[in-house]
Amino acid sequence: MQHSYETFYRESIESPDKFWAEAAEKLHWYTKWHHVLDDANPPFYRWFAGGITNTCYNALDRHVDEGRGSETAVIYDSPVTGAKERYTFREFRDRVALFAGALQSRGVRKGDRVIIYMPMIPEAVIAMLACARIGAIHSVVFGGFASHELAVRIDDCKPKVIISASCGIERDKVIDYKRLLDFAIELAHFKPEICIIHQRDRLKAQLNEERDLTWKQALLGAEPAPCVPVESSDPLYILYTSGTTGKPKGVVRDNGGHMVALKWSMEHVYGVKPGETYWAASDIGWVVGHSYIVYGPLLNGNATIIFEGKPVGTPDPGVFWRIIEEYNVSVFFTAPTAFRAIKKEDPKGTYIRKHDLTGFRTLFLAGERADPDTVKWAEEHLNVPVIDHWWQTETGWAIAANCQGIEPGDVKYGSASKAVPGYDVKVVNQDGESLPAGQMGDIVIGHPLPPGTMLTLWKADNLFIDSYMSKYPGNYLTSDAGYIDEDGYLFIMSRTDDIINVAGHRLSTGAIEAELCAHPDVAESAVIGVADDLKGEVPVGFLVLKSGVDTPHAQIVKHVIEYVRENIGPVASFKKAVIVERLPKTRSGKILRGTMRKIANSEEYTMPATIDDPVILDEIKAALQTMGYAQK
Ligand code: COA
Ligand code: AMP
């Protein structure tokens with residue numbers, strides 16, 4: 001008999017041990033766990049304690065051993081190079097095993113860190129799974145981050161090896177990854193022993209003979225490596241994400257809990273069956289890419305797609321539909337911003353109608369709030385359910401969703417639907433008391449978090465507690481605010497920290513402010529996220545200069561824009577800044593960024609009672625108007 005959502009949810013909260021043990025039985029363990037949940041040291045919960053497993057075995061070898069080795073595992077489609085490749089589970093397993101052997105022969109062992117800084121090519125996924133195979137901990141850094149951000153991550157996780165490529169291709173631009181990597185290593189205090197560089201035809205990299213070798217050289221004489229058994233709670237990967245301090249936080253994911261949660265989610269959240277093609281059009285540098293380009297689909301026996309392109313311009317706004325048709329994609333996942341880009345270029349959905357999408361069942365959106373206009377446009381033109389779901393790098397998989405594999409519920413525009421089984425989601429006031437339906441507050445998740453969520457922050461247990469676990473003891477602080485309606489539907493309204501969301505990419509305004517303040521003429525700065533039709537939000541900077549500065553203002557603005565691009569990366573989309581006399585502050589000196597944001601977006605605001613000098617807000621409005629904002 002089909003269970004209802006309510007039954008699933010209740011079981012997951014009341015009997016988590018039973019619930020998750022059943023899910024874990026579907027995977028391979030060398031040694032079974034002795035405790036489903038080890039809660040001896042809260043908030044450091046450990047799932048499947050004592051269990052010994054290997055994530056790569058479960059993602060690849062298991063399917064080969066169970067007779068599905070000739071089914072498609074990985075499809076690579078690159079409109080920017082014209083390449084199309086397909087690999088079966090057996091072929092991909094063999095490539096991964098060989099590269100894992102190459103890493104082992106270079107001294108990489110269980111627990112060693114390996115940074116992967118690569119574009120969307122099969123070698124990136126091979127590198128990730130090769131690390132998993134030998135118990136090394138990978139840390140993928142998104143290609144849109146510049147050298148400084150990469151250097152910070154090198155210093156934090158101290159990789160033995162860095163794997164990269166000679167270049168990435170962004171529409172028609174060639175990005176010299178090797179130059180960015182070399183500069184990052186120069187900036188970093190910690191130096192990796194070896195860099196393995198995949199040479200691409202478009203641009204060949206210069207190698208440093210003492211440190212670098214090509215991917216091909218690395219494979220010479222390598223023997224395929226078997227899977228190395230690891231503890232369930234051994235780290236699989238570290239993924240850095242923006243934090244409020246400006247210093248990225250290294251989210252640590254385990255092996256056992258992660259594979260159980262992701263496999264469960266493929267079946268129950270996304271409603272996909274082994275053998276189907278599942279496509280997440282994201283980047284492996286983000287959590288969506290980790291969970292739903294690489295691990296989730298492969299663990300569930302699905303074909304996954306590595307797409308090296310953009311929703312528009314590679315070559316046109318029909319590329320998503322071409323791929324869905326060509327590979328018979330059943331379930332597709334992307335960010336709302338990608339749809340806004342398509343809608344802008346193809347408002348009538350003309351490109352959609354050129355393709356046969358009969359095999360396409362469901363569209364999932366995440367990464368930012370799915371605005372109702374975009375959802376309705378997608379529903380109208382695609383004629384499939386459009387499901388907004390909410391999650392974070394920290395959780396690794398959906399906290400709230402309309403679970404298609406359990407009991408598809410009604411869609412409410414603007415809502416990410418209901419809490420996913422395993423997550424005890426609550427909305428609380430500042431005293432930590434649960435709020436009634438409809439009232440806005442901090443969104444928290446009661447302990448223990450389900451399997452697959454973060455173990456801790458890399459080498460920073462105290463920061464983990466301070467950032468997430470201490471404000472409301474017994475609960476995880478999501479740093480998102482919102483409300484739950486009378487039907488249990490969750491509405492995510494805003495972040496409560498300095499994080500902004502630019503084209504589905506998570507950025508810290510604090511980190512951008514730090515770059516602005518590094519300019520010798522700048523005394524003080526503030527960065528806010530301003531609404532943008534395409535990217536959801538874009539950062540805008542305000543600069544207060546030191547007294548006596550006579551550098552032309554336009555030159556200072558140009559320089560700070562370059563600083564952010566060079567140090568954080570082009571992905572910050574930081575294109576606008578303005579010089580002002582003063583910043584609006586409270587009497588205690590806190591910059592009123594929230595009020596500035598409301599003015600920029602022409603939203604209503606109340607004059608903060610504690611404002612130091614209300615006249616400054618008029619100056620800020622005038623400055624915003626020079627940049628095309630605050631028009632009403
Ligand atoms: N390597 C190097 N540079 C990169 C990069 C990468 N992997 N990804 C992005 N960049 C660069 C871009 O080339 C661009 O540079 P530019 O300023 O020189 O033009 C800049 O970073 C901003 O990139 P992007 O945010 O992608 O903007 P865009 O204008 O090129 O494209 C969208 C706009 C909406 C099409 C694009 O942002 C998109 O596809 N977003 C979906 C995001 C997503 O999937 N998020 C995952 C979370 S689910
Ligand atoms: P990231 O860690 O990069 O995945 O970013 C996580 C943040 O993105 C969340 O804390 C939210 O602020 C935002 N976010 C992700 N998905 C959604 C969604 N479906 N609705 C609203 N906000 C979302």
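Our structure is the block above this text.
Residues numbered from 1 in each chain as written. Chains lettered and ligands numbered in written order. Predicted model: local features only at pLDDT ≥ 70, side-chain atom pairs only at ≥ 80, totals over all residues. Heavy atoms only, no water.

1. Overview of the site of ligand 1
Argument step 1. Surveying the vicinity of ligand 1 reveals 26 residues, the closest of which are Glu170, Lys173, Lys310, Lys535 and Arg565.
Argument step 2. Taking Gly144, its main chain carries an N or O atom lying 3.4 Å from a nitrogen atom of ligand 1.
Argument step 3. Contacts to ligand 1 include Lys310, whose side-chain N or O atom sits 2.7 Å from an oxygen atom.
Argument step 4. When isolated, ligand 1 has an accessible area of 940 Å², and the protein chains bury 87% of it.
Argument step 5. Structurally, the shell around ligand 1 is a two-domain feature, drawing no fewer than three residues from each of domain 1 (5-309 + 389-446) and domain 2 (501-626). (Near = heavy atom within 4 Å. Polar contact = N/O pair within 3.5 Å; in protein donor to acceptor, adjacent residues only side chain to side chain. Areas by Shrake-Rupley, 256 points an atom, 1.4 Å probe, with all protein chains shown as cover. Domains from an automatic or database assignment.)

2. Brief notes about the sheet that holds strand E18 (residues 329-334)
Argument step 1. Ordered in space as E5-E4-E17-E16-E18-E19-E20, the seven strands form an open sheet in which the pairing is mixed. At either end of the open sheet lies a strand with only one pairing partner, and these are strand E5 (83-88) and strand E20 (386-388). Shown here is a sheet whose adjacent strand axes are inclined to one another by a mean of 20 degrees, direction ignored.
Argument step 2. Here three bridges tie strand E19 (residues 362-365) to E20, and the two strands are oriented parallel to one another. Looking across to E20, one finds that Phe364 is bridged to Ile387.
Argument step 3. Each of strand E4 (72-78), E5, strand E16 (277-280), strand E17 (303-307) and E18 is contacted by helix H11 (residues 319-326), which is oriented at about 150 degrees to E18, the strand it contacts most. (Pairing = 2+ DSSP bridges. Helix = DSSP H or I, 4+ residues; strand = E, 2+ residues; numbered from the N terminus. Axes fitted to C-alpha atoms, helices over the stretch in contact; angles between N-to-C directions. Contact = heavy atoms within 4.5 Å.)

3. So, helix H9 (residues 256-268)
Argument step 1. The first and last C-alpha atoms of H9 sit 18 Å apart over 13 residues, in line with the 18 Å expected at 1.5 Å per residue.
Argument step 2. Burial within H9 is extensive, with 12 of its 13 residues counted as buried.
Argument step 3. Among the residues making up H9, those that are buried are Gly256, Gly257, His258, Met259, Val260, Ala261, Leu262, Lys263, Trp264, Ser265, Met266 and His268. (Expected span 1.5 Å × (residues − 1). Buried < 20%, exposed > 50% of the residue type's maximum accessible area, 1.4 Å probe, protein only.)

4. A closer look at the pattern of salt bridges
Opposite charge on two side chains permits pairing when their charged atoms draw close.
Argument step 1. In the structure shown here, the tally under the stated rule is 31 salt bridges.
Argument step 2. The salt bridge involving Arg322 is made with Glu326; its shortest N-O contact spans 3.1 Å. Pair noted here: Arg322 and Glu326 are both in helix H11, with a separation of four residues, about one helical turn.
Argument step 3. Given a relative accessible area of 35%, Glu326 falls into the partly exposed group.
Argument step 4. Through salt bridges with shared partners, a single ionic network connects Asp77, Lys84, Arg322 and Glu326. (Salt bridge = Lys/Arg side-chain N within 4 Å of Asp/Glu carboxyl O.)

5. Details of empty space enclosed by the protein
Argument step 1. In this structure the tally under the stated criterion is three cavities of 30 Å³ or more.
Argument step 2. Estimates place the volume of the largest cavity at around 140 Å³.
Argument step 3. Lining the largest cavity are 14 residues, and of these Pro43, Tyr45, Leu449, Thr453 and Met454 lie nearest its centre.
Argument step 4. Contributions of two or more residues to the lining of the largest cavity are made by strand E2 (46-49) and helix H15 (461-469). (1 Å grid on protein atoms, 1.4 Å probe; cavity = no way out; pocket = protein on both sides within 12 Å on 5 of 7 lines; lining within 4 Å. Points joined across faces, edges and corners; volume = space filled by probe spheres on them.)

6. Thoughts on the sheet that holds strand E24 (residues 441-446)
Argument step 1. Ordered in space as E23-E24-E26-E27, the four strands form an open sheet in which the pairing is antiparallel. Two strands lie at the open edges of the sheet, namely strand E23 (424-428) and strand E27 (490-495), each paired on one side alone. On average, each strand axis in the sheet is inclined to that of its neighbour by 50 degrees, with strand direction left out of account.

7. Side note on the site of ligand 2
Argument step 1. By nearness alone, 15 residues border ligand 2, and Asp388, Thr393, Asp480, Arg495 and Arg506 come closest of all.
Argument step 2. In this structure, an oxygen atom belonging to ligand 2 sits 2.9 Å away from a side-chain N or O atom of Gln392.
Argument step 3. Here an oxygen atom of ligand 2 sits 2.6 Å away from a polar atom, N or O, in the side chain of Arg506.
Argument step 4. Calculation on ligand 2 without its partners gives an accessible area of 490 Å², and the protein chains cover 92% of this total.
Argument step 5. Split by residue class, the shell around ligand 2 holds four nonpolar, five polar and six charged. (Nonpolar A, V, L, I, M, F, W, Y, C, P; charged D, E, K, R; others polar.)

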